[in-house]
Amino acid sequence: MNILILNGPNLNLLGLREPEIYGSRTYDDLCKLIEAHAAELGVSVEIRQTNHEGVLVDWIQAARGKFDGIVLNPAAYTHTSVAILDAVQAVGIPTVEVHISDLSQREPFRQISYVRPACVAVTCSCSSARRPRQRSLRPSSQCLRPFRSEQP
Ligand code: DHK
């Protein structure tokens, strides 16, 4: 099982940006946690981050035939991007929408997700800001679960 993990704009600044919302762990920390959890689940992951909408579209399109699933945090593009919605719909790869913060408790514009109709599941509120003593961020555990390998 081969999973593509895509992170959108400003997620490279995790640990620096608004730690009270996004937590104090860095993007590198997040990648390491995801890789460790993927190994536990027996799935292989490729993790990428970009600040550019078109790059996300290109990566989603290129995932056809190469990946069995996508874990997608489009970040700010969640609330604006018909192009990313179209790309996910076009490739037909099961995609899980992920967010670090609890969107339901934030500004009204963040409660609109353009990509959600194309996704098979959504996970919000993964920030270590809300669970400072928790060893792992929830995205690594919850978001990979739909793709858990059937193999022992
Ligand atoms: C990350 C962002 O950068 C914001 O623009 C979204 C999302 C929320 C997150 O919680 O992961 O509104």
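All of the points below concern the structure found in this document.

How each quantity is defined
- Residues numbered from 1 in each chain as written.
- Predicted model: local features only at pLDDT ≥ 70, side-chain atom pairs only at ≥ 80, totals over all residues.
- Helix = DSSP H or I, 4+ residues; strand = E, 2+ residues; numbered from the N terminus.
- Contact = placed C-beta atoms within 7 Å.
- Axes fitted to C-alpha atoms, helices over the stretch in contact; angles between N-to-C directions.
- Parallel < 35°, antiparallel > 145°, perpendicular 65-115°, else oblique.
- Nonpolar A, V, L, I, M, F, W, Y, C, P; charged D, E, K, R; others polar.
- Buried ≥ 20, exposed ≤ 12 C-beta atoms within 10 Å, placed from the backbone.

## Concerning the overall build of the protein chain
Across its full length, the protein chain carries five helices and five strands. The N-to-C order of helical and strand elements in the protein chain reads β-α-α-β-α-β-α-β-β-α. The contacts of the protein chain with a sequence gap of at least 6 include a subset with a gap of at least 24, amounting to 75%.

## Let's talk about the packing of helix 3 (residues 53-62) against helix 4 (residues 82-91)
At a minimum axis distance of 9 Å, the contact between helix 3 and helix 4 shows a crossing angle of 5°. When the interaxial angle is binned, helix 3 and helix 4 end up roughly parallel. In this structure, helix 3 contributes E53, L56, V57, I60 and Q61 to the contact, and helix 4 contributes A83, I84, A87, V88 and V91. Among the residues forming the contact of helix 3 with helix 4, the class breakdown is eight nonpolar, one polar and one charged.

## A few points about unusual backbone geometry
With a phi angle near 75°, N10 is a residue other than glycine that sits in the positive phi range. Position of N10 among the secondary structure elements: in the loop between strand 1 (2-7) and helix 1 (19-22). Residue N10 is classed as partly exposed on the basis of its 16 C-beta neighbours within 10 Å. Within the chain, A75 stands out as a residue other than glycine whose phi angle is a positive 50°. Within the fold, A75 resides in the loop between strand 3 (69-73) and helix 4.

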